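Topology and contacts: notes
Chain by chain, the residues:
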Amino acid sequence: MAISVEQLGPPVDTRSLMRTVRARLHELVDALADDNWHRPTVCPGWSVADIVAHVIGDDLGRLSRTHDGVVIEPEPGEALPGFLDRINEEWIVAFRRLSPAVLVSLLGAGGAEVLALWDELALDAPTSGVSWAGLEESPAWMDLARDTTEYWIHEQQIREAVDRPHHDPDEVIAVVGILSRGLPHALRDVEAEDGARVVVRADDLGVGWAVERRDGQWWWTGAAEPRGAASDAEGPAPAAVVTASGQAYWRRWTRHPAGTQDLFTVTGDPEAATAVLDHVAIIRRRD
């Protein structure tokens, strides 16, 4: 059964966060020493320079697709993950001819145009689908939120590679909250009675998110009480509860090698808990 955008909860406007992340990302890469550009990252086979090139490609693709209506389609019989893996790699290989200075310039120019595009676009306008949330077409707010998380995650990957950490708990809450909007899609094959809830908690941040079964489908219902809240004793217990740190969630759901399963505590329905842990909030590259 298809996922409707209504199952993902109310709209969220992430333009402010996107502006913050893009400004910080540009400042970060502009200050990198030459040897840092070649450091390996957690993305297999990609250096810091390759991730920057990938973000530039995302920018130009976004402008071409959303602003100008130019869409590149997969080859006949080519699945979406394989298609994206191929065109991403083609882009990276071509951009290895460019200097760091050129990459910094392109990152700044493309980022500025993308930010202007999102500022002009109505948040309810139809845009690209978000496959990891089960949407073939989505309103701009969800597409924008997806791009915001991608920029943030790529920033973290670069920071890890060059030993320049930046940890903002409010940003982790925002990013994990967006990624959790894909849980109705992740749980789509898990059967439960209406009223059943699955809760994911980030106890280090004092927050959680819940998904509830309604009319035979799962719905993202937003904030859930942290462990030990008085409301835990009220009403039926959740069908499943998954607990970890905020950092563990975004890493697990983006298949970062540090997002290992042993970082999570699960109780309740094992099928629902497994679906939460197996949620992938990116287009997974070929294994």
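What comes next is a walk through the structure. (Residues numbered from 1 in each chain as written. Predicted model: local features only at pLDDT ≥ 70, side-chain atom pairs only at ≥ 80, totals over all residues. Heavy atoms only, no water.)

Turning next to the pattern of salt bridges. Enumeration over the complete set of coordinates arrives at 17 salt bridges. Two residues, Glu 160 and Arg 251, come together in a salt bridge whose shortest N-O distance is 2.9 Å. Of this pair, Glu 160 sits in helix α5 (residues 140-162) while Arg 251 sits in helix α8 (residues 246-253), and the two are 91 residues apart along the sequence. A salt bridge links Asp 278 to Arg 252; the shortest N-O distance between them is 3.9 Å. Note that Asp 278 is positioned in helix α9 (residues 270-278) and Arg 252 in helix α8, a separation of 26 residues in sequence. A relative accessible area of 42% places Asp 278 in the partly exposed class. Bridged by salt links that share partners, the residues Arg 24, Glu 155, Arg 159 and Glu 171 form one connected network. (Salt bridge = Lys/Arg side-chain N within 4 Å of Asp/Glu carboxyl O. Helix = DSSP H or I, 4+ residues; strand = E, 2+ residues; numbered from the N terminus. Buried < 20%, exposed > 50% of the residue type's maximum accessible area, 1.4 Å probe, protein only.)

This part takes up the packing of aromatic side chains. In total, this model carries four aromatic pairs according to the counting rule given. Judged by centre distance (5.3 Å) and plane angle (85°), the rings of Trp 152 and Trp 250 are edge-to-face. A residue pair is termed long-range when its members are at least 10 positions apart, and Trp 152 in helix α5 and Trp 250 in helix α8 qualify at 98 residues. Judged by centre distance (5.2 Å) and plane angle (45°), the ring pair of Tyr 249 and Trp 253 falls under tilted. Of the two residues, Tyr 249 and Trp 253 are both situated in helix α8; the distance of four residues between them amounts to about one turn of the helix. (Phe/Tyr/Trp six-rings, centres within 6.5 Å; stacked < 30°, edge-to-face > 60°.)

Another point: unusual backbone geometry. Residues other than glycine seldom take positive phi values, yet Asp 163 does so here, at roughly 60°. Along the chain, the position of Asp 163 falls in the loop between α5 and α6 (169-179). Residue classification places Asp 163 among the exposed positions, given a relative accessible area of 58%. The backbone of Asp 215 sits at a positive phi, close to 50°, despite the residue not being glycine. Turning to its location among the elements, Asp 215 is positioned in the loop between β4 (207-214) and β5 (217-223). In this structure Asp 215 comes out as exposed when scored by relative accessible area, which is 69%.

This is a description of form; function is not addressed.
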